[in-house]
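Tertiary structure, described
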2 protein chains.
Amino acid sequence: MANIKEIARIAGVSVTTVSRVLNNHPYVSKDKRAAVLDTIEQLNYTRNMNAVHLITGRTGAVAVILPYINAFYFSIIMNGLAHEALLAQYRLILCQSNYLAEEEIKVLEMLRNKEIDGVVIVSTALKPEVIEEYTAYGPVVTCQDSGQRRYSSVYIEHYAAFRQGLQYLTGKGYRSIGYCEGRQNGSSASIRQTAFREFIAEHKLDFQEEWMIYDCTTEEDGAAVARSLLEMPERPEAMIITGDHVAAGLIIEARKAGLSIPGDLAVMGFDNQPIGRLLEITTIDNHLYEMGASAFRIIHEQISSDNPDPVYRKLDYRIIERSTV
Amino acid sequence: MANIKEIARIAGVSVTTVSRVLNNHPYVSKDKRAAVLDTIEQLNYTRNMNAVHLITGRTGAVAVILPYINAFYFSIIMNGLAHEALLAQYRLILCQSNYLAEEEIKVLEMLRNKEIDGVVIVSTALKPEVIEEYTAYGPVVTCQDSGQRRYSSVYIEHYAAFRQGLQYLTGKGYRSIGYCEGRQNGSSASIRQTAFREFIAEHKLDFQEEWMIYDCTTEEDGAAVARSLLEMPERPEAMIITGDHVAAGLIIEARKAGLSIPGDLAVMGFDNQPIGRLLEITTIDNHLYEMGASAFRIIHEQISSDNPDPVYRKLDYRIIERSTV
DNA sequence: TTGTATGCGTTATCAT
DNA sequence: ATGATAACGCATACAA
């Protein structure tokens, strides 16, 4: 395959001139430019970008770490990231880590390796201290609130959002509330758990341990929760559920069993998913698309400006009132 | 940042020896290896992979072209791809093209540029002839059946699968069938459309043009279809719908209006999505995860073996009998 | 088992 | 406006 040297030879110019044409630099005469362009066309030449990456120290690529791509939550964030990356002419390297720390480290090593210009961590199995070590090699943005770290973050105020959801429920008069969480571990889960327990205590709400249910990630899990609620000697008047698809599963199964929603059981979802709209689930929209878009904009800004100062961007959330509460 | 030369100097060996250690080559004495490893540790050295890519001509990356990541269909395929890529220690570059030919071409140009070792095209706005032009620069695998092309493909027999779905419906005694399609354009859509029309004609089934509905991609679209069915002077006894989530929207809305499923209206879905299991939707599983996994295995094989001979892999499909037909 | 020298293909520097 | 040459950091053929 032809290289810049050959183009130069055939076009009768220096490699520098060819490079200038390639990069749209000024100070190239019209005819020389034409000659170069001609030769490029003739030889079907194209740059070897690896050489460009080597000498410029930039690759135009950003890696994204997330546990699973086929989950609404992550795919919407990814959508936001991808959209902005397209606009910025950047490439996205997807690392589906399955929460394996080992794999996530490999991605951060790519930053050290100069294979990528930055890393967006949507969810991580890694400790903040570990991530911080890598900020020396390039910008890192997380989509979780890890405090004022040496890397940027764009995050949802899970505590406040969850509390507001509970407030909404008590405002509607519910005095006993159950809680359905996704993965038990995970930083946002524990924050919400704290918010839940504190709120229950503050407002002296009725409560039973079995009303806190973990590891509900699928529609089927939601349905299973419905069945177990039906078998409880005493069940809560309302459920707050992280993920509208899980809420949907619960609602469909509960209705199948003859329960009226919200009459017999109120349900509040999370994430404002399409299925939630269909079932008219009252939910909290936490602007996931914007989260991804924002994360990319931040990392792109940091790469372009060579400014490593971290930024911390707090996102809005909003209760969408529908008819399951 | 330190480079191989500096490591060599400090460790008191040649750069070749350092390179050998780095690449786990044999013929390095124990103490020299230890010295090199020590120095690497001390200087916190890591390879500049761009230099490696330049000289080896390989990058260990494969690009994936798909229109939208936040759709069940694509995200499952992506999951399969990502899983296999992880096993093979390969990186995946995600290009969310929004069906923009221009963006898809850019990805194929990356193959020419040597930025990637291969391309997986899950869905494309590109003509087969255009794709074929790029096979000169590296292996390409598509997830669509485009016949015996100069690139590989792993595909679902949309015609046969759809026909089997219709067969299943007529087998259950339905004599008037409606059809709900995703994007009107798109190769699989037109194949199914042909299958549908031919089947209707062959079996002399009742048919009305308004029973063919296009551009149904969301739950809401499915619900809208339910509403429009209710307003038809004459409606089909059964609907076959590409995508369980669309079918779910239709079913939920239809039941809301008092229709019994399958009593008043039978519904057959596609893709075996989680929501379909919850609503007990009879569906056709076309093994999307396996599609992604298989696509990656093929391209990985072709990259590793330098064998450009295309392979054509036909996937299985399977009707899952539940209770909406 | 080890080292020297060369090449990968480009951009950056500096001189003219 | 143009060109000669260095530099990027590594792998590898070849010699020893």
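Residues numbered from 1 in each chain as written. Chains lettered and ligands numbered in written order. Predicted model: local features only at pLDDT ≥ 70, side-chain atom pairs only at ≥ 80, totals over all residues. Heavy atoms only, no water.

**Points about the relation of the copies chain A and chain B**
Taken as rigid bodies, chain A and chain B are interconverted by a rotation of 180 degrees and an axial shift of 0.0 Å, the fit giving an RMSD of 0.1 Å. Such values leave the two copies arranged in the relation of a two-fold axis. Within chain A, the C-alpha atom positioned nearest to the axis of rotation is that of Ile93 of chain A, 2.1 Å from it. (Least-squares fit on C-alpha atoms with pLDDT ≥ 70 in both.)

**Structural notes on the protein's contact with DNA strand D**
Contacts to DNA strand D come from 24 residues, most closely from Thr16, Tyr27 and Ser29 of chain A together with Ile4 and Tyr45 of chain B. When atoms of DNA strand D within 4 Å of the protein are sorted by moiety, sugar and phosphate together comprise 60%. At a separation of 3.1 Å, a phosphate oxygen of DNA strand D approaches a polar backbone atom of Ser14 of chain A. Within the contact set of DNA strand D, a phosphate oxygen lies 2.3 Å away from a side-chain nitrogen or oxygen of Tyr45 of chain B. Taken together, the elements giving at least two residues each to the surface near DNA strand D come down to α2 (15-22) and α4 (49-56) of chain A together with α2 (15-22) and α4 (49-56) of chain B. Per element, the largest residue contribution to the surface near DNA strand D is four residues, and it comes from α2 of chain A. A per-class count over the surface near DNA strand D returns eleven nonpolar, ten polar and three charged. (Near = heavy atom within 4 Å. Polar contact = N/O pair within 3.5 Å; in protein donor to acceptor, adjacent residues only side chain to side chain. Helix = DSSP H or I, 4+ residues; strand = E, 2+ residues; numbered from the N terminus. Nonpolar A, V, L, I, M, F, W, Y, C, P; charged D, E, K, R; others polar.)

**Considering the pairing of strand β6 (residues 177-180) of chain B**
Residue and element names in this part refer to chain B. Side chains Ile177 and Tyr179 of β6 all project onto a buried face; the interleaved residues Gly178 and Cys180 project onto the opposite face, where all are buried too. Looking at chain direction, β6 and strand β7 (residues 212-213) are connected through two bridges and run parallel. Each residue of the ladder has a partner; that of Cys180, found in β7, is Ile213. Viewed along the sheet, the connection from β6 through helix α9 (residues 187-202) into β7 turns out right-handed. (Buried < 20%, exposed > 50% of the residue type's maximum accessible area, 1.4 Å probe, protein only. Pairing = 2+ DSSP bridges. Right-handed = clockwise from strand over helix to strand, strands pointing away.)

**Observations regarding the sheet that holds strand β5 (residues 152-156) of chain B**
The mixed open sheet is built from twelve strands, whose spatial order is β11(A)-β5(A)-β4(A)-β3(A)-β1(A)-β2(A)-β2(B)-β1(B)-β3(B)-β4(B)-β5(B)-β11(B). Only two strands of the sheet have a single neighbouring strand rather than two, namely β11 (312-315) of chain A together with β11 (312-315) of chain B. Each adjacent strand pair in this sheet contributes to an overall mean axis angle of 20 degrees, direction not counted. By the bridge criterion, three bridges tie strand β2 (residues 91-96) of chain A to strand β2 (residues 91-96) of chain B in an arrangement that is antiparallel. Across the sheet, residue Leu94 of chain A finds its bridge partner in β2 of chain B, namely Leu92 of chain B. In the packing of helix α6 (residues 101-112) of chain B onto the sheet, the strands contacted are β2 of chain A together with β1 (61-66), β2, β3 (118-121) and β4 (140-142) of chain B, and the crossing angle to β3 of chain B comes to about 155 degrees. (Axes fitted to C-alpha atoms, helices over the stretch in contact; angles between N-to-C directions. Contact = heavy atoms within 4.5 Å.)

**Overview of the pattern of salt bridges**
Side-chain pairs of opposite charge can arise whenever the charged atoms involved come near each other. Taken as a whole and judged by the stated rule, the model has 28 salt bridges over all chains. The salt bridge involving Lys106 of chain A is made with Glu103 of chain A; its shortest N-O contact spans 3.1 Å. Of this pair, Lys106 of chain A and Glu103 of chain A both sit in helix α6 (residues 101-112), three residues apart, which is roughly one turn of that helix. What makes Lys106 of chain A partly exposed here is its relative accessible area of 32%. Of the charged contacts in the structure, one is a salt bridge between Arg197 of chain B and Glu209 of chain B, with a shortest N-O distance of 3.1 Å. Here Glu209 of chain B lies in the loop between α9 and β7 and Arg197 of chain B lies in helix α9, a separation of twelve residues in the sequence. One network of salt bridges, with partners in common, ties together Arg227, Glu253 and Lys256 of chain A together with Glu280 of chain B. (Salt bridge = Lys/Arg side-chain N within 4 Å of Asp/Glu carboxyl O.)

**A few points about the side chain of Thr170 of chain A**
Residue and element names in this part refer to chain A. Mapped onto the fold, Thr170 is located in helix α8 (residues 158-171). Overall, Thr170 belongs to the buried group, its relative accessible area being 17%. With near-sequence residues (within four places) excluded, Thr170 lies in contact with Ile177, Phe199 and Leu205.

**Examining the domain arrangement of chain A**
When cut into domains, chain A gives domain 1 (4-47), domain 2 (60-156 + 288-316) and domain 3 (158-285). A C-alpha centroid distance of 64 Å is found between domain 1 of chain A and domain 3 of chain A. (Domains from an automatic or database assignment.)

**Focus on the protein's contact with DNA strand C**
Not every one of the 25 residues close to DNA strand C is listed here, only the nearest: Tyr45 of chain A together with Thr16, Tyr27, Ser29 and Ile55 of chain B. Here the atoms of DNA strand C within 4 Å of the protein split so that 60% fall in sugar or phosphate, with bases taking the remainder. Ser19 of chain A is positioned with one of its side-chain polar atoms (N or O) 2.7 Å from a phosphate oxygen of DNA strand C. Contacts to DNA strand C include Thr17 of chain B, whose side-chain N or O atom sits 2.9 Å from a phosphate oxygen. By residue class, the composition of the surface near DNA strand C is twelve nonpolar, ten polar and three charged.

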